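Per-entry structural report
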Amino acid sequence: MLTSKLYAIVIDDMVSRSAQLLLLAAILFISTGCSSTKSAAVRPALSAVACKPSSVVQSNQAGMALYKEGRYEAAKEKFTEAVTLGPACAEAHYNLGLSLSYLGEKDDARQHFIEAANLAPGNQVIWDSPALHPYGDPQKEKEKKSTKAATEQAPGAFGNRGRVGGY
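The following paragraphs examine the structure supplied in this document. (Residues numbered from 1 in each chain as written. Predicted model: local features only at pLDDT ≥ 70, side-chain atom pairs only at ≥ 80, totals over all residues. Heavy atoms only, no water.)

Observations concerning helix α5 (residues 106–119)
To be explicit about the condition: Helix and strand assignments follow DSSP, with helices taken as H or I runs no shorter than four residues and strands as E runs no shorter than two, numbered in order from the N terminus. A helix is expected to reach a length of 1.5 Å times the quantity of its residues less one. Each residue is assigned to one of three classes by its accessible area relative to the maximum for its type, calculated with a 1.4 Å probe on protein chains only: buried under 20%, partly exposed between the two thresholds, exposed over 50%.
Over its 14 residues, α5 runs 20 Å from end to end, which matches the ideal 20 Å to within 8%, given 1.5 Å per residue. Buried within α5 we find Ala-109, His-112, Phe-113, Ile-114, Ala-116 and Ala-117.

What follows is the structure, encoded as structure tokens:
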């Protein structure tokens, strides 16, 4: 009788310890899973030291500081200011595109990424940037436009039937 009570106590103790260990393992698993979720890496903004006038450089630098802090709306305002002051500054367009992209304004971001690539045909950072890839190749965009215009004027093209040179 004594041994059966002793077995019962040992078994109850083992079950409660197993439950405690199981609960502890579940807590560790959940907390580890939550802390290891990776957020999307923030792409670095580009310096615009070569842009003119100097107010473009200042606005861009202020935008870069805000962007690094994750304050994308405020950075967007500074990059917009830089683009307004220096519309030929590719880096400012690129940075504005980054901010717009993080704010979910994909169409506007696309326009600024393409404008940046058009303004800086030799800038490999802009052209090779993963941020630009989802928006297509700006050079192909230009080729599509010129090819489309040429085909629309070609003799026999759909809209040109019955015109001189068409059939």
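A word on the packing of aromatic side chains
A ring pair, where both rings are aromatic, is described by two values, the distance of the centres and the angle of the planes. Test applied: Think of it this way: a Phe, Tyr or Trp ring, Trp meaning its six-membered ring, pairs with another when their centres are within 6.5 Å, and the plane angle makes it stacked under 30 degrees, edge-to-face over 60, tilted otherwise.
Applying the stated criterion across every chain yields a total of 5 aromatic pairs. Aromatic side chains Tyr-67 and Tyr-102 sit 6.1 Å apart centroid to centroid with 65° between the ring planes, which places their arrangement in the edge-to-face category. You can see Tyr-67 sitting in helix α2 (residues 54–68) and its partner Tyr-102 sitting in helix α4 (residues 90–102), a full 35 residues away along the chain. Owing to a relative accessible area of 2%, Tyr-67 belongs among the buried residues under this scheme. Among the aromatic residues, those joined into a ring-pair cluster are Tyr-67, Tyr-72, Phe-79 and Tyr-102.

Quick word on the nonpolar core
Rules: We define a nonpolar core as any set of buried Ala, Val, Leu, Ile, Met, Phe, Trp, Tyr and Cys residues linked to one another through side-chain atoms lying within 4.5 Å. Only heavy atoms matter for contacts: two residues are in contact if any of them lie within 4.5 Å across the pair.
Among the nonpolar cores identified, the biggest contains 29 residues, and Tyr-67, Phe-79, Cys-89, Tyr-94, Leu-98, Phe-113 and Ile-126 are the most heavily contacted of them. Of the residues forming this core, the biggest block, 6 residues, is contributed by α4. Beyond its immediate chain neighbours, meaning those up to four positions away, Leu-98 contacts Arg-43, Pro-44, Ala-45, Tyr-67, Phe-113 and Ala-131.

Some words on unusual backbone geometry
Cis geometry marks the peptide bond from Lys-52 to Pro-53, where omega comes out at -5°. Take Pro-53: it is sitting in the loop between α1 (2–35) and α2.

Structural notes on the pattern of salt bridges
Rules: We count a salt bridge whenever a side-chain nitrogen from Lys or Arg sits within 4 Å of a carboxyl oxygen from Asp or Glu.
All told, the structure shown has 4 salt bridges when counted by the stated rule. One salt bridge in this structure joins Glu-69 and Arg-71, with 3.3 Å as the shortest N-O distance. The class for Glu-69 is exposed, based on a relative accessible area of 54%. Here Glu-105 ties to Lys-76 by a salt bridge, and the two come within 3.3 Å at their closest N and O atoms. You can see Glu-105 sitting in the loop between α4 and α5 and its partner Lys-76 sitting in helix α3 (residues 72–85), a full 29 residues away along the chain. With relative accessibility at 25%, the residue Glu-105 sits in the partly exposed group. Given the relative accessible area of 18%, Lys-76 is considered buried. One salt-bridge network, held together by shared partners, links Glu-73, Lys-76 and Glu-105.

Digging into the side chain of Glu-91
This is how it is decided: Charged residues are defined narrowly, with Lys and Arg counted positive, Asp and Glu counted negative, and His plus the chain ends left uncounted.
Relative to the assigned elements, Glu-91 resides in helix α4. Despite its burial, Glu-91 remains without a salt bridge, the nearest opposite charge being carried by Lys-52 at 12 Å. When residues no more than four places from it in sequence are discounted, the contact partners of Glu-91 are Leu-46, Ser-47, Ala-48, Cys-51, Asn-60 and Asn-123.

All we've got here are geometric facts, nothing functional implied.
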